[in-house]
Amino acid sequence: MQNTTELNNKPKRFIYDFNPEETEITMQTKDLEIYYGKNLAMHNADLKFKKNTITALIGPSGSGKSTFLRSLNRMNDGIATVKGEILYQGVNINQPKIDVYEVRRRIGMVFQRPNPFAKSIYDNVTFALQRRGVHDKKTLDRVVETTLKQAAVWDQVKDSLNKSALSLSGGQAQRVCIARALAVQPDVLLLDEPASALDPVSTQQLETTLRELKKDYTIIIVTHNMQQAARLSDYTVFFNMGEAIEYNKTRKVFTRPKVQMTDDYVSGNFG
Amino acid sequence: MNRTQKQSRFAIACLKAVAGFVVLILAFLIGYIFITGLPNVSWHFLTSPAKAFNAGGGIWIQLFNSFYLLVLAMIISLPIALGAAIYLNEYATDNWFTAAIKTSIEILSSLPSVVVGLFGFLLFVVQFNYGFSILSGALTLTIFNLPLLTRNIEDSLANVSDDQRQGGLGLGLSKYETIIHIVVPASLPGIISGIILCSGRVFGEAAALIYTAGQSAPALNFMDWNPFNIDSPLSPLRPAETLAVHIWKINSEGIMPDLTQVSSGSAAVLVLAILIFNLSARFVGRKVFERMTSVK
Amino acid sequence: MIMENQKLAKQLMKKSKTARYERFGRLLSLSALLLIMAIVLGIIVFVASKGLGTFFKDGISFKDFFTGTLWNPGTKTPSGQQAVGALPMIVGSFLVTILAALLSTPFAIGTAVYMTEISPKRGAKILQPVTELLVGIPSVVYGFIGLSVVVPFVRNTFGGSGFGILSGTFVLFVMILPTIVSMTVDSLKGVPKFYRQASLALGATKWQTIWKVVLRAATPGILTAVVFGMARAFGEALAVQMVIGNAALMPQNLTSPASTLTSVLTAGMGNTVMGSLQNDALWSLALVLLVMSLFFNLVVHMIGRKGAFKK
Ligand SMILES: Nc1ncnc2c1ncn2[C@@H]1O[C@H](COP(=O)(O)OP(=O)(O)OP(=O)(O)O)[C@@H](O)[C@H]1O
Ligand SMILES: [Mg+2]
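Numbering of residues starts from 1 in every chain and runs along the sequence as written. The naming scheme follows written order: chains are lettered A onward, ligands numbered 1 onward. This being a predicted model, a pLDDT of at least 70 is required before a residue's local features are given, and a value of 80 or more before pairs of side-chain atoms are given or counted; all residues contribute to the totals for chains, interfaces and linings. Side-chain metrics in this entry use all non-hydrogen atoms of the structure; hydrogen atoms and water are not considered.

J.: Tell me about the overall build of chain C, residues and numbers included.
T.: Starting at the N terminus, helices and strands are each numbered in turn, a helix being any DSSP run of H or I of at least four residues and a strand any DSSP run of E of at least two. Helix and strand counts for chain C come out as 13 helices and two strands. Here the globule rule reads 2.2 Å times residues to the power 0.38, and the radius of gyration is calculated from C-alpha atoms. Relative to the compact-globule value of 19 Å for 311 residues, chain C shows a C-alpha radius of gyration of 27 Å, a clear excess of over 25%. Relative accessibility decides the category of a residue: with a 1.4 Å probe and only protein chains considered, values under 20% of the type maximum give buried, values over 50% give exposed, and everything between is partly exposed. Looking at the 311 residues of chain C, the share that counts as buried comes to 52%. Long-range contacts, defined here as pairs at least 24 residues apart, represent 68% of the contacts in chain C between residues at least 6 apart. Summed over all atoms, the accessible surface of chain C reaches about 14,300 Å², with 67% contributed by carbon and sulfur. Where the 27 positive side-chain charges of chain C centre and where its 9 negative ones centre are 8 Å apart. Between two residues, a contact is recorded if the distance between any of their heavy atoms is within 4.5 Å. Accessibility throughout is a Shrake-Rupley quantity obtained with a 1.4 Å probe, and a residue counts as covered only by protein chains that appear here. In this count, Lys and Arg are taken as positive residues and Asp and Glu as negative ones, while His and the chain termini are left out. To locate a charge, take NZ of a lysine, CZ of an arginine, CG of an aspartate or CD of a glutamate.

Written out as structure tokens, the structure reads:
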């Protein structure tokens, strides 16, 4: 609290304290404006996401985290109007010519509530592949094993792959959902509060899993849990009222924020 | 106790009496049908053909016709109802077109079944020249069945959590794939209950059939399952009086000496079949659900 | 880098199989819907064109049709006009419908109130399945019971043949009862809990709460239920046809043989030749049925709109 005055002299928004090489950027947003009907839900959010890192999106409820995340793989199609550029490896995917299904395959998504399909665990994981014409049993078996191992549930479910996925516990189900997303070989993984429905133990396991996955994927995760963001992520974006307020290395955001608002939020004095 | 309290007590007692009376009516109906009817139901009754002038006839052919028509009508109406329900629940946006479609489905569902039957008569029997036949009957029953089946399926689809749809879309699947392969399977318990419930209604329907499937049940050759032969049970172009139509027909103009026995027996069989449909609708739906979520 | 970008852009812009599948599926489900719509339009157009033939092809005047009391198409009335007066059937249909609704409504509301307000537990356990069962019983079975129980009962109590409006009313009463009950239950359940709590807290008795608060709030829903019941009664064919006596005469009293639109239709359609005046006249009756059904629909819509407005 003693350095309030100093913080107040800083700019109201602060984006980046790092300048990755072009080749290191997996995703980038430019001049993004997202509208629900006539309501502007997100603007001022020119962000870059670095390859093989975990970026946490934090901010109060209603600040637009989910809105932002969902536009990264065009899940807002038909729900919100998204203006501006969303670059995926340099290609603007926010244009009508782009095949949204291929985009979503490459930029996978895991949701807040575990949502296994009413199918067996095996089919949950392989379903999207089968729809894309992969029917070779050996390939599918291999994918199931690899992805479930990546998602760190293999040991728990390997003997019951034909069991309905609806019978799994929340934590197991969420990790099967991660495996399901990995099965189509994306390179970006978007997660919207993936641990909010899980108990502490499952949450911890999930974090370990994500830390492992970072080696192969670019991960962007929305979380309400400050500790989680601090523990898990390399970079953190703080959103408020539909704007990206501060974007920096996680350590800096949590220890030496450059904007007063961020400081208030991460120290719990917000509102 | 003051006046208003007394009044309240009295009124509530009256309500109890009314509710009791309604239960009595049903008890009487069911009791009457089964007590007068079931003694006339025997294996012979269920498995022998009807007789127009002599005693001792059964309802075998009518029973067979009822089930055959039901199955055909369901086979035809299911894909249509499913498609319509999918569009209404998953694609339709709030505009005049959707409103028009919803209104026309409401109109169809409240149309008297005689009117549906007469339309079927005009279109299938006369215009398409299918005559009084299984085919005309099944197509007419389809029209009769569509609105309710569509609404049932629509409700079951609406009960599936949006998370499931998001999950499918998030994997890069199309909306339609998501619906067909994820949402529909997830709503299967509800859809199956809906189908069985609609089956009960179709099974008991007569007014839509008397001028489409006809009012006669010619003898069938149960050794011949080639649908192209006219006396094959599967032949779609033969006239086919159903059990429900049979009850109406013999009560209106039947002259067999055991008329009362035959009609009460038929009514008992019909109600029993519908009871089974209604009870199994809940049961089967629940079983399918358990099966889907079970720890096998 | 740029080369790679272009390669990726190309991959992303290729229309995938998935996209084509989506278009196909959407069209498929839309066409199912359009088919249903076409059927409804077809029914209206077919029945209307047939039914209007009586007036425009055979030259019967609307006045003769709607006010004439002699129904014997193909023959002439003593005064020399065609005998296609449909008034007896129209009166018959309205009479059984209104009487059945008058009889059913209090019973239905009473039962529904019992199920939701007085003993919800017993309501769910006994009355709910009972009403569902009653809804499921086919109309021919109602007709059969009408014929073997109601008609003799009316005959022994009121004299006459037993066939007539009264028997039709009794049969329809039982038939539409469950429809009205279950819809009324739905609308009573829709009344927010705090209405009741507030009323009871103000010192009203249970009955006053039901009568002044719950029923009043649920009135649009109850009206809708009654109209639905009436629509069902008006369109019911076989059950009525089996007990009403099928005499196309103006009903003299409630126990004289009479007829309704549906009963004449079911009894007559098989005995006439397509295109003849006898046949056209029947289609005109069907058209009246159709129009009434549309009318009931309209009423339900209007009640819905008004009810929504009040909230
Ligand atoms: N489908 C929608 N239609 C209209 N407005 C929406 C929709 N979804 C979100 N909004 C609005 O957009 C704003 C941002 O919502 P969003 O869900 O992105 O916030 P969030 O940061 O994810 O919040 P939370 O932490 O509660 O998940 C809110 O004001 C919300 O009301
Ligand atoms: Mg959110």
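There's plenty left to go through after this.
J.: Give me the lowdown on the nonpolar core, citing residues and values where you can.
T.: General note: in soluble globular proteins, nonpolar side chains tend to be found buried as a group. The set of buried Ala, Val, Leu, Ile, Met, Phe, Trp, Tyr and Cys residues whose side-chain atoms join them within 4.5 Å is what this entry labels a nonpolar core. If you look at the biggest cluster of nonpolar residues, it comprises 179 residues, and the most contacted ones within it are Leu270(B), Ile43(C), Trp71(C), Val140(C), Tyr142(C) and Leu285(C). Of the residues forming this core, the biggest block, 16 residues, is contributed by helix α3 (residues 60-91) of chain B. The contacts of Ile43(C), once residues within four sequence positions are left out, are Leu108(B), Leu111(B), Val115(B), Phe119(B), Ile143(B), Ala48(C) and Leu290(C). In terms of nonpolar packing, the next biggest core, distinct from the first, is built from 46 residues, Phe14(A), Ile121(A), Leu148(A) and Tyr217(A) among them.

J.: Any chance you could break down the interface of chain B and chain A for me, citing the residues and the numbers?
T.: Each partner contributes to the interface: chain B provides 21 residues, whereas chain A provides 25 residues. Carbon and sulfur atoms supply 59% of the area that chain B and chain A bury against each other, a total of about 2,000 Å² over both sides. The term salt bridge refers to a pairing of a side-chain nitrogen on Lys or Arg with a carboxyl oxygen on Asp or Glu at a separation within 4 Å. Across the chain B-chain A interface, the total number found is two salt bridges. The partner of Asp163(B) in a salt bridge is Arg113(A), with the nearest N and O atoms 2.7 Å apart. Identification of polar contacts relies on pairs of N or O atoms within 3.5 Å, with a donor-acceptor requirement for protein atoms, meaning one able to donate a hydrogen and the other able to accept it, and with residues adjacent in sequence counted only if both atoms are side-chain atoms. At the junction of chain B and chain A, the tally comes to eight residue pairs in polar contact (both at pLDDT 80 or more). For the side of chain B that touches chain A, the elements supplying multiple residues, two or more each, are α7 (162-170), α8 (175-186) and α11 (259-293) of chain B. Throughout, the accessible surface (probe 1.4 Å) given up by two parts as they are put together, summed over both, is called the buried area.

J.: Mind laying out the interface of chain B and chain C, listing which residues take part and the relevant values?
T.: Accessible area lost upon the coming together of the parts serves often as the stated size of an interface. With 76 residues of chain B at the contact, the number on the chain C side is 72 residues. In this assembly, chain B packs against chain C so that about 6,700 Å² is buried in total across both faces, 82% of it on carbon and sulfur atoms. At the junction of chain B and chain C, the tally comes to one salt bridge. The salt bridge partner of Glu132(C) is Arg282(B), with a shortest N-O separation of 2.4 Å. On inspection of chain B and its partner chain C, the count reaches twelve residue pairs in polar contact (both at pLDDT 80 or more). For the side of chain B that touches chain C, the secondary structure elements donating two or more residues are α1 (3-37), α3, α4 (96-110), α5 (113-127), α6 (134-158), α8, α10 (243-253) and α11 of chain B.

J.: Can you break down the sheet that holds strand β9 (residues 188-192) of chain A residue by residue, with the values?
T.: Residue and element names in this part refer to chain A. The sheet built from seven strands is open, its strands ordered β1-β12-β11-β5-β10-β9-β8 with mixed pairing. Single-partner strands in this sheet number two, and they are β1 (14-15) and β8 (107-110). When DSSP finds at least two bridges between two strands, those strands are taken to pair. Looking at chain direction, β1 and strand β12 (residues 243-249) are connected through two bridges and run parallel. Of the residues in β12, the one forming a bridge with Phe-14 is Glu-246. Against the sheet, helix α2 (residues 65-72) contacts β5 (54-58), β8, β9, β10 (218-222) and β11 (235-240), and its axis sits at roughly 155 degrees relative to β9. Geometry is summarised by axes, namely lines fitted to C-alpha atoms with helices restricted to the contacting stretch, and by angles between N-to-C directions that run from 0 to 180 degrees.

J.: Outline the UniProt feature "domain: ABC transmembrane type-1" (unreviewed entry) in chain B, supporting the account with residue identities and numerical values.
T.: UniProt positions are given in the numbering used here, feature names are shortened, and annotations may be inferred rather than shown by experiment. In this numbering, the UniProt entry assigns the feature "domain: ABC transmembrane type-1" (unreviewed entry) to residues 63-281 of chain B. The span residues 63-281 of chain B is 71% helical and 0% strand by assignment, and the distance between its end C-alpha atoms comes to 20 Å.

J.: Go over the site of ligand 1 with me, naming the residues and quoting the values.
T.: Residue and element names in this part refer to chain A. Near ligand 1 lie 13 residues; those nearest to it are Ser-61, Lys-65, Ser-66, Thr-67 and His-224. Gly-62 has a polar backbone atom sitting 2.8 Å from an oxygen atom of ligand 1. Coverage of ligand 1 by the protein chains reaches 57% of its 630 Å² of free accessible surface. Looking at the shell around ligand 1, the element that brings in the most residues is α2, giving three residues. Ten residues, namely Ala, Val, Leu, Ile, Met, Phe, Trp, Tyr, Cys and Pro, are considered nonpolar, four, namely Asp, Glu, Lys and Arg, are considered charged, and the remaining ones, Gly among them, are considered polar. The residue makeup of the shell around ligand 1, split by class, is four nonpolar, seven polar and two charged. Nearness is judged by heavy atoms alone; a residue qualifies as near a molecule or strand once a single heavy atom is within 4 Å of it.

J.: Break down the confidence of the model for chain B for me, with residues and values.
T.: In regions of low pLDDT, the predicted coordinates are not meant to be interpreted in detail. Here chain B shows a mean pLDDT of 91. Residues at 70 or above account for 98%. Within chain B, α6(B) carries the highest mean pLDDT (97), whereas α11(B) carries the lowest (88). Known as pLDDT, the predictor's per-residue confidence is scaled from 0 to 100.

J.: So, the UniProt feature "transmembrane region" (unreviewed entry) in chain B: which residues are in play, and what are the values?
T.: UniProt records the feature "transmembrane region" (unreviewed entry) for residues 12-35, 67-88, 100-124, 130-149, 179-203 and 266-284 of chain B in the present numbering. In the segment residues 100-124 of chain B, helix accounts for 92% and strand for 0%; the C-alpha atoms at its two ends are 26 Å apart.

J.: An account of the packing of aromatic side chains is needed here, citing residue identities and associated values.
T.: Residue and element names in this part refer to chain C. For Phe, Tyr and Trp, rings pair up if their centres lie within 6.5 Å, where Trp contributes its six-membered ring, and each pair is then called stacked (planes under 30 degrees apart), edge-to-face (over 60) or tilted (otherwise). Summed over all chains, the structure comprises 37 aromatic pairs over all chains. Arranged with centres 5.0 Å apart and planes meeting at 90 degrees, the rings of Phe-65 and Phe-66 form a pair that is edge-to-face. Residue classification places Phe-65 among the buried positions, given a relative accessible area of 0%. The class for Phe-66 is partly exposed, based on a relative accessible area of 35%.

J.: Tell me about the pairing of β8(A), and please be specific about residues and values.
T.: All names here are of chain A. Burial of β8 is two-sided: the residues Ile-107 and Met-109 facing one way and the residues Gly-108 and Val-110 facing the other way are all buried. Relative to β9, β8 is paired through four bridges, and the arrangement is parallel. Following the sheet pairing, Met-109 is matched in β9 by Leu-190.

J.: Go over the side chain of Thr18(C), please, and point to the residues and values.
T.: Within the secondary structure layout, Thr18(C) lies in helix α2 (residues 17-56). When neighbours within four sequence positions are excluded, Thr18(C) is seen to be in contact with Tyr101(A), Arg132(A), Gly172(B), Leu173(B), Ser174(B) and Glu177(B).

J.: So what about the pattern of salt bridges? Which residues, and what values?
T.: Per the counting criterion, the structure on display carries 21 salt bridges over all chains. Measuring nitrogen to oxygen at the nearest pair gives 3.7 Å for the salt bridge that ties Glu243(A) to Arg13(A). Of this pair, Glu243(A) sits in strand β12 while Arg13(A) sits in the loop between α1 (4-8) and β1, and the two are 230 residues apart along the sequence. The class for Glu243(A) is buried, based on a relative accessible area of 19%. Where Arg165(B) meets Asp162(B), a salt bridge forms, and the shortest distance between an N and an O atom there is 3.4 Å. Of this pair, Arg165(B) and Asp162(B) both sit in helix α7, separated by three residues, roughly a single helical turn.

J.: Residues and numbers for the confidence of the model for chain C, please.
T.: Residue and element names in this part refer to chain C. Looking at chain C as a whole, its pLDDT mean stands at 90, while 97% of the residues score no less than 70. For chain C, the element scoring lowest by mean pLDDT is helix α1 (residues 2-13), at 82; helix α10 (residues 219-235) scores highest, at 95. Scored as a complex, the prediction yields pTM 0.91 and ipTM 0.92.

J.: Summarise α8(B); cite the residues concerned and give the values.
T.: Each turn of an α-helix holds 3.6 residues, which means side chains three or four residues apart point in the same direction. Of all the positions in α8(B), only Tyr176(B), Glu177(B), Thr178(B), Ile179(B), Ile182(B), Val183(B) and Val184(B) are classed as buried. At its buried positions, α8(B) is contacted by α4 (121-131) of chain A, α3, α6, α7 and α9 (188-204) of chain B together with α2 of chain C.

J.: Describe the packing of α1(B) against helix α4 (residues 87-118) of chain C, with residues and values.
T.: Where α1(B) meets α4(C), the closest approach of the two axes is 8 Å, and the angle between their N-to-C directions is 110 degrees. Classified by the angle their axes make, α1(B) and α4(C) are roughly perpendicular. Where α1(B) approaches α4(C), its residues Ile12(B), Leu15(B), Lys16(B), Val18(B), Ala19(B), Phe21(B) and Val22(B) are matched on the opposing element by Phe107(C), Gly110(C), Thr111(C), Val113(C), Tyr114(C) and Ile118(C). Its residues assigned to classes, the contact of α1(B) with α4(C) shows ten nonpolar, two polar and one charged. Roughly parallel means an angle under 35 degrees; roughly antiparallel, over 145; roughly perpendicular, 65 to 115; everything else is oblique.

J.: Kindly report on unusual backbone geometry, identifying the contributing residues and their values.
T.: Residue and element names in this part refer to chain A. One non-glycine residue, Asn-52, lies in the positive phi region at around 55 degrees. Phi is positive for Glu-193, which is not a glycine, with a value near 45 degrees. Within the secondary structure layout, Glu-193 lies in the loop between β9 and α8 (200-213). Taking the relative accessible area as the measure of exposure, Glu-193 reaches 13% and is therefore buried.

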